[in-house]
Structure formats: structure tokens, C-alpha cells
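# Report on the structure
Read off the chains here:
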Amino acid sequence: SSASAAAPAPAPFQISFEFFPPKTDEMEATLWKSIQRLAPLTPHFVSVTYGAGGSTRERTHHTVHRILQETSLVPAAHLTCVAATREEIDAVADDYWNAGVRHVVALRGDIPGGDAPYFPTPGGYAYAAELVEGLRKRRDFEVSVAAYPEVHPEAKSPQEDLDNLKRKLDAGATRAITQFFFDNWAYLRFVDRARKAGITAPIVPGIMPVTNFTQTAKFAKVAGASVPSAFAKHFEGLEDDPETRKLVAASLVAEQVTQLAQAGVKEFHFYTLNRADLTYAICHLLGLRARTVQADRGTEAAS
Ligand code: FAD
């Protein structure tokens, strides 16, 4: 019948995009151009990162509110434990809830200032698992949490890190999003270990479309992600050649995502770094197509 012919084909993959709150008007303009470019790919949600310190917190709120007001995207607000009391964090969560936010990515948070050892704030949530519990008790948020295929750098052992992930999910989180990685085997082995440990929630790979290799190698070191030597080699000599770097980056991330899809992965989270082009291209390769506004009214239209 014509009714069934008009029914939207199921999307082959579920995707989500991560953005960071912009610091300047110029960065804000770049972010909004990227959001407008990526929105027609109809992501499941878009998440906005959160930093310690008043000004970055305000920027996260502003970005989340603007997404709610100006787009039909579903925002997921990141929230962290660091440098705040439970009351302060609960108040932020309430504000989000009252504004219509229904999805939170609950994290311990990066240590402000970098290298210092982590100490819980007196009167605060000590770890992400406690934050998940606190949020779920308070409101019916959908909660996502972080997972580390190559083990969180501060974890005592891989087993304790996996136990921690299980605690976060048992506390009411329903999805894990991984730290970025370049070694697909590390991810696939990790998912396997998690399943054997009784974790059933989706463990969505976090994909970082790299263009600035030097900067990414620094991030990777801090995040405990390994950079395969072949990967580093592909960027050798391209320090002053951003055009070629971008083409190389595109082919590498295409290969990474294609391999994961072949291994059965159905959901991807993209660390967009507020840029649309590479992420858009990878989503296109995955078979995702921009939908026109009519799709929102239930009449599938691909553009
Ligand atoms: P947790 O799950 O609390 O774990 C932190 C460490 O403590 C682990 O080593 C764990 O094994 C250990 N641990 C847990 N519980 C205990 C316990 N009871 N006793 C002893 N050790 C314990 N950072 C930001 O600041 N803002 C963001 O917006 C942000 N977004 C992120 C999004 C994703 C998808 C990911 C993967 C990371 C993000 N980060 C962000 C970084 C994150 O905050 C850091 O990686 C942080 O160091 C750990 O956060 P977590 O939520 O994984 O912590």
C-alpha cells in the first residue's frame, strides 16, 4: 500500500554527536554552523561537555538551552562531580530538568588543573557511580556514563575499572560511551569482557575524527588511549599540510568505523570537536542520509 511505501526505512545505525561549549563568538558561530549541518542526519541525541569552573559551566548551560530552543535535537547535558557539593550539582540537575533536559551524561570529571591526584570534594559526589545514583533518585533522567576500552588511567586494575562500569550501570545508567580509541581490537575485546561480566547495556564506541594529529596524540596520552605506530606513521611529514592531513584522517576514520560496523556495531558516538565535515562524511559512508523537514512529519524524504 502507499502507506507502507511511505513508512521511513529504519536508520541503519544510531548516532550521537558530542560538542563542547564555545568560548568566543567566533567559536559559537562555528558550532552553530556544524549543528545545522549535522542535524538533518537525525542523531539520537547530541551531548554537550561540562568543565569545572563557573564560566565554563555557564557556557554549557547556554549551549544546551540554545539547542532546546532553536532545534528539534535531543540534548544530553554532561555533568561532573569535581569541585562542587551535592547540593550544587543537584541544583544544576534540577535546572536542566525544569528546562526540559531528560538525558544526562554523568561523569566524575577531569581534575581541574591537570596532573594533580584526584580528591573528592567534601560534601560532593566522590565518583560517577554516586552521581548516577543521586541523579536517578532525584529525577527520571536517562543517564549515560563513560567507559574505557584501554582502562581508565587512574584505575587500580582492568578488573576494578570494569567493576566500576558495572556499578554505574547498576546505579541506573543505561548506556556507556567509550573514551576515544584507535585500536578497534582493544574496543572489541573490552566489549567481550564486559558481556562476560554481565554488562548488557550498549557500549557505544566514541569516535574521534582526527585532523590535528599532534594535538590528538597529546589527548591520547592523557586519556590512556594507545596510538598504533602505523597510525602515527600515516601523519608523518604532514605537520604543515592540513589539506592532505584531512584526507588522510578521513580515510583512517572511515576504515575504523567501517571495521566496527562489520564487527556488528550499531551505535556510534562522534567527538565532533564542533566541526561537521569529517563526521558528516563518515555518517554518509555508514549509509545515513540527511532528512528534510517532512521526515519530522512522518513522510520520509531523503535529500
Ligand atoms: P569514574 O567512573 O568515577 O571513575 C574514575 C576513576 O576512579 C576510575 O579509575 C575508576 O576505576 C576509579 N573509581 C571509581 N570508583 C571508585 C571508588 N569507589 N574507589 C576508588 N576508585 C574508584 N570530563 C569532563 O570534565 N567533562 C566532560 O564533559 C567529560 N565528558 C566525557 C565524556 C565521555 C564519553 C568520556 C569517556 C569522558 C568524559 N570526560 C569528561 C572525562 C572524564 O571526566 C575523565 O575520564 C575522568 O577522569 C573519569 O570520569 P568517569 O566518569 O569515567 O569516572
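Keep in mind it's a predicted model, so treat the numbers as computed, not measured. (Residues numbered from 1 in each chain as written. Predicted model: local features only at pLDDT ≥ 70, side-chain atom pairs only at ≥ 80, totals over all residues.)

Below, the discussion takes up the overall build of the protein. For the protein, the count of helices and strands is 11 helices and 8 strands. Relative to its length of 303 residues, the protein is compact, with a C-alpha radius of gyration of 19 Å against a globular reference of 19 Å. Principal-axis analysis of the C-alpha atoms gives the protein an extent of 60 × 45 × 45 Å. Counting across all 303 residues of the protein, residues that qualify as buried make up 37%. Within the protein, counting contacts between residues at least 6 apart in sequence, those at least 24 apart form 80% of the total. (Helix = DSSP H or I, 4+ residues; strand = E, 2+ residues; numbered from the N terminus. Rg over C-alpha atoms; globule rule 2.2 N^0.38 Å. Buried ≥ 20, exposed ≤ 12 C-beta atoms within 10 Å, placed from the backbone. Contact = placed C-beta atoms within 7 Å.)

We now examine the site of the ligand. Around the ligand, 24 residues are found, and the nearest of them are T49, H78, R108, A128 and A146. Secondary structure elements with two or more residues in the shell around the ligand: β3 (75-80), β4 (103-107), α5 (128-138), α6 (158-170) and β6 (175-180). The dominant element in the shell around the ligand, judged by the number of residues it contributes, is α6, at 4 residues. (Near = placed C-beta within 6 Å.)

With their axes 11 Å apart at the nearest point, helix α4 (residues 86-99) and α5 run at an angle of 50 degrees to one another. Classed by the angle they form, the pair α4 and α5 counts as oblique. Crossing angle aside, the handedness with which α4 passes α5 is right-handed. Together, R86, D90 and A93 of α4 and G134, L135 and R138 of α5 make up the contact between the two elements. Broken down by class, the residue content of the contact of α4 with α5 amounts to 2 nonpolar, 1 polar and 3 charged. (Axes fitted to C-alpha atoms, helices over the stretch in contact; angles between N-to-C directions. Parallel < 35°, antiparallel > 145°, perpendicular 65-115°, else oblique. Left-handed = near helix turned anticlockwise from the far one by under 90°. Nonpolar A, V, L, I, M, F, W, Y, C, P; charged D, E, K, R; others polar.)

Moving on: the confidence of the model for the protein. Here the protein shows a mean pLDDT of 91. Residues at 70 or above account for 92%. For the stretch residues 293-303, pLDDT sits under 50, and the model shows 16 contacts to residues farther than four places along the chain or on other chains. The ipTM assigned to the predicted complex is 0.99, against a pTM of 0.93. (pLDDT = per-residue confidence, 0-100.)

Moving on, we get to the sheet that holds strand β1 (residues 14-19). The sheet built from 8 strands closes into a barrel, its strands ordered β1-β2-β3-β4-β5-β6-β7-β8 with parallel pairing. Neighbour-to-neighbour, the strand axes of the sheet open up by a mean angle of 30 degrees, direction not taken into account. Set on the sheet, α4 makes contact with β3 and β4; between it and β3 the angle comes to about 175 degrees. (Pairing = 2+ DSSP bridges.)

We now examine the pairing of strand β2 (residues 45-48). The two faces of β2 match: F45 and S47 on one face and V46 and V48 on the other face are all buried. Where β1 and β2 come together, 4 bridges link them in parallel fashion. Bridged to S16 within β2 is F45. In the sheet, β2 pairs with β3 via 3 bridges, with the strands oriented parallel. Within β3, the position partnered with V46 by the bridge is P75. Of the crossover connections in this fold, the one passing from β2 over helix α3 (residues 54-70) to the parallel β3 is right-handed. (Right-handed = clockwise from strand over helix to strand, strands pointing away.)

The subject of this paragraph is the nonpolar core. A general trend in soluble globular proteins is that nonpolar side chains are found buried together. In terms of nonpolar packing, the biggest core is built from 76 residues, with V104, A106, A128 and V132 touching the most fellow members. Sort the elements by how many residues they give to this core and α5 lands first, with 5 residues. A106 has contacts with L79, A128, L131, V132, L135, V143, V145 and A173, leaving out every residue within four places of it along the chain. (Core = buried A, V, L, I, M, F, W, Y, C linked by C-beta atoms within 7 Å.)

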